Amino acid sequence: MNYGVCNLGIVPLRLEPADTSEMVSQVLYGESFKILEQRKKWSKIRLAFDKYEGWIDNKQHIEISEEQYNALQIDTPQLSSDLVDFVTIENEQLLSICLGSTISSTNVLHHHFEGNTQQIQNDKSELVKTALLYLNTPYLWGGKTPFGIDCSGFTQMVYKLNGHKILRDASQQATLGEPLSFIEESEPGDLAFFDNAEGNIVHVGIIMEDNYVIHAHGKVRIDRLDHTGIFNNDLRRHSHKLRVIKRIV
């Protein structure tokens, strides 16, 4: 088994080993992973944080030893906490990174970072505060950053920045936690899940106070939440049908 770490700011994780293939997620600076299969130009990887799999360009990561990989898994990851920052790499060059990058890996990469970080597990009350940092971020399928994010990437990153680990996709996240019977039982930071006509969970948002929800739909936005689902204030109609509310924390 080989191992790797992302040494660039944002790298696409693709469904198939091709630049034209769908981006299913992103690998942020400092994220480590196992290399499941290697080809001339591409590697299939499994991310350490959430076990998500996909293909990454061989030019967009570096390999590390098993000992280095294991050392990175021991402690709670130290994450960058500003929307945009940078690390200093070889020859005093600067590399841009974004919110939620894994600063714990700078020692392995021989990079230097002087910005703000987050490492402790925060109280649940901090989840909505973190979510508001992403407000107006454009929707991007597979995205995990303030430059573009999808609904489940948004919820995962908000939880990750507060020291809580959840899975990557909305349908996976819906398998976690305790289901609540009514909106009135929910607390800010709980997750609301929404399904399509076939009954598949396809959307997720973070519940706020006073029956509001913050979610990624066109952009990260705030809408009303009721027993039917999300009421889009711009469209003046319901945009998503509520399936279940889950308490993860």
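The structure this text deals with has already been given above.
Since we're looking at a predicted model, the values are computed, not measured.

Engineer: Give a detailed account of the overall build of the protein, specifying residues and quantitative values.
Structural biologist: Scanning the protein for helices and strands turns up five helices and 20 strands. The C-alpha atoms of the protein give a radius of gyration of 18 Å, which matches the 18 Å a tight globule of 249 residues would have. The dimensions of the protein, computed from C-alpha atoms along their principal axes, are 55 × 35 × 30 Å. Burial analysis of the protein (249 residues in total) assigns 51% to the buried set.

Engineer: Requested: an account of helix H4 (residues 151-161), with residues and values cited.
Structural biologist: For H4, the tally of buried residues reaches eleven of eleven residues, placing the bulk of the element in the interior. Within H4, the full set of buried residues consists of Cys151, Ser152, Gly153, Phe154, Thr155, Gln156, Met157, Val158, Tyr159, Lys160 and Leu161. Directly after H4, the chain includes Gly163, whose backbone phi takes a positive value near 85°.

Engineer: Please provide a residue-by-residue account of the pairing of strand E18 (residues 219-225), values included.
Structural biologist: Where strand E17 (residues 212-217) lies against E18, six bridges are found, and the strand directions are antiparallel. If you follow Ile214 over to E18, its bridge partner there is Ile222. Here E17 folds back onto E18, and the loop between the two strands holds one residue, one of which, Gly218, carries a positive phi near 85°. Across two bridges, the pairing between E18 and strand E19 (residues 229-232) is antiparallel. Residue Arg224 lies in a different strand from E19, and its bridge partner there is Phe231. Remark: three residues form the turn of the hairpin made by E18 and E19, two consecutive strands paired antiparallel.

Engineer: Outline the pattern of salt bridges, listing residues and values.
Structural biologist: Throughout the structure, instances matching the rule amount to 16 salt bridges. The partner of Lys59 in a salt bridge is Asp57, with the nearest N and O atoms 3.0 Å apart. Classification of Lys59 by relative accessible area gives exposed; the value is 67%. With its nearest N and O atoms 2.5 Å apart, the salt bridge here joins Lys124 to Asp190. Of the two residues, Lys124 sits in the loop between strand E11 (117-118) and helix H3 (126-132) while Asp190 sits in the loop between strand E14 (178-180) and strand E15 (191-195), which places them 66 residues apart along the sequence. For the residue pair Lys124 and Asp190, the accessibility class agrees, reading buried in each case. Taken together, the shared-partner salt bridges in this structure form one network comprising Lys124, Glu187, Asp190 and Arg247.

Engineer: Can you explain the nonpolar core? Please cite residues and give values.
Structural biologist: In terms of nonpolar packing, the biggest core is built from 27 residues, with Tyr134, Phe154, Val158, Leu191, Ile206, Ile214 and Val220 touching the most fellow members. Of all the elements in the fold, those that place two or more residues in this core are H3, H4, E15, strand E16 (201-207) and E17. When residues in this core are grouped by element, the largest group, six residues, is from H4. When neighbours within four sequence positions are excluded, Ile214 is seen to be in contact with Ala131, Leu132, Leu135, Phe154, Gly205, Ile206, Met208, Val220, Arg221 and Ile222. Judged by nonpolar contacts, the second largest core, of 15 residues, contains Val5, Ala48, Ile64 and Tyr69.

Engineer: How would you explain the side chain of Ser32 if you had to name every residue and give the values?
Structural biologist: Tracing the sequence through the fold places Ser32 in strand E4 (residues 32-38). Side chain to side chain, Ser32 and Gln73 meet in a polar contact 2.9 Å long. Setting aside anything within four residues of it in sequence, one finds Ser32 in contact with Gly4, Val5, Leu47, Ala48, Tyr69, Leu72 and Gln73.

Reading the values: the criteria
Residues numbered from 1 in each chain as written. Predicted model: local features only at pLDDT ≥ 70, side-chain atom pairs only at ≥ 80, totals over all residues. Heavy atoms only, no water. Helix = DSSP H or I, 4+ residues; strand = E, 2+ residues; numbered from the N terminus. Rg over C-alpha atoms; globule rule 2.2 N^0.38 Å. Buried < 20%, exposed > 50% of the residue type's maximum accessible area, 1.4 Å probe, protein only. Pairing = 2+ DSSP bridges. Salt bridge = Lys/Arg side-chain N within 4 Å of Asp/Glu carboxyl O. Core = buried A, V, L, I, M, F, W, Y, C linked by side-chain atoms within 4.5 Å. Contact = heavy atoms within 4.5 Å. Polar contact = N/O pair within 3.5 Å; in protein donor to acceptor, adjacent residues only side chain to side chain.

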